[in-house]
Amino acid sequence: MDLEKLKKRLNNIGIVGEGLDLKSFAVTIPLVEEKGQWKILFQVRGKNLSQAGEVSLPGGRIEKGEKRKDAAIRETCEELLINPSNIELIGQSDILVTQYGKIIYPFVIKLLDKNKIGFSKDEVEEIFYVPIKFFIENEPKVMTVRVKTEPLEDFPYKLNVPASEYNWQEGRLNVYFYKYQDYIIWGLTAKIIYNFIQKIKDLGSEF
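Residues numbered from 1 in each chain as written. Predicted model: local features only at pLDDT ≥ 70, side-chain atom pairs only at ≥ 80, totals over all residues. Heavy atoms only, no water.

### What to know about the environment of Lys 110
Test applied: Note on conventions: DSSP H or I runs of at least 4 residues are helices, E runs of at least 2 residues are strands, and numbering of each starts at the N terminus. Burial classes follow relative accessibility: with a 1.4 Å probe on protein chains only, a residue under 20% of its type's maximum area counts as buried, one over 50% as exposed, and anything between as partly exposed. In this description, contact between two residues means that some pair of their heavy atoms is separated by no more than 4.5 Å.
Relative to the helices and strands, Lys 110 resides in strand β7 (residues 102-111). A relative accessible area of 21% places Lys 110 in the partly exposed class. With sequence-adjacent residues up to four places away left out, Lys 110 is seen in contact with Leu 31, Glu 33, Trp 38, Asn 86, Ile 87, Glu 88 and Ile 90.

This is how it looks when you write it as structure tokens:
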């Protein structure tokens, strides 16, 4: 075995299960500056989509062969009816691997011209803006849920895997909730925002 080739291969770090049982998505955290105040754009999911009416960030599924960043920008342009030239990429936030079989790659962007922002009525019911200062000054409410493992009917018991008597682990998961005016920002969206705010909290006076 050529150990040098092995070292190079191992330095290419990925996420176990990505492209197999884990599906990859990319979203943006869109920042808008208005009168010296920075805000985050959120959207309410359209009535024809799954989880209709919930607050989300722009984004969607990463297509085969597509770069994560490109997927995030493409989906944002489609949902907000903007041109890529109206987007400045700031950087990438932390990756979220969920218990639902999803990997979510968040990218922080700046929307350069607020007046050119619209939204696709097929996917978005409305958009709204929340000052970053709100998230810095208000901690989310946290609810804990139990995550349980249950083998499906086609589990290979015939391989002498002691699944029926196996002590499957249970986990606990924190779910975050922000209430802003009449909007509830919660779930994966709130978790991504909470993580982002922790990264920039010490810059609070700049927002």
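### Quick word on the side chain of Thr 98
Keep this limit in mind: N or O atoms closer than or at 3.5 Å make up a polar contact, with two conditions inside protein: a donor-capable atom paired with an acceptor-capable one, and, for residues adjacent in sequence, both atoms drawn from side chains.
Within the secondary structure, Thr 98 is located in the loop between β6 (96-97) and β7. Here the side chain of Thr 98 touches Tyr 100 through a polar contact of 3.0 Å, landing on its backbone nitrogen. Once residues lying within four places of it in the same chain are set aside, the contact partners of Thr 98 are Ile 104 and Leu 188.

### Comments concerning the side chain of Ser 120
Relative to the helices and strands, Ser 120 is located in the loop between β7 and β8 (124-131). For Ser 120, a relative accessible area of 12% corresponds to the buried category. Excluding its chain neighbours within four sequence positions, the residues that come into contact with Ser 120 are Glu 78, Glu 79 and Leu 81.

### Considerations on the sheet that holds strand β11 (residues 183-186)
Rules: Note on pairing: two strands pair once DSSP finds at least 2 bridges between them. All axes are obtained by fitting lines to C-alpha atoms, using only the stretch in contact for helices, and the reported angles, taken between N-to-C directions, cover 0 to 180 degrees.
Reading across the sheet, the 3 strands line up as β9-β10-β11 and stay open at both edges, with antiparallel pairing between neighbours. Of all strands in the sheet, those with a lone pairing partner are β9 (141-148) and β11, marking the two edges. The mean inter-strand angle of the sheet, taken between neighbouring strand axes irrespective of direction, is 30°. Looking at chain direction, strand β10 (residues 170-180) and β11 are connected through 4 bridges and run antiparallel. Looking at the pairing, Lys 179 lines up with Ile 184 of β11. Against the sheet, helix α4 (residues 187-200) makes contact with β10 and β11, and its axis sits at roughly 80° relative to β10, the strand it touches most.

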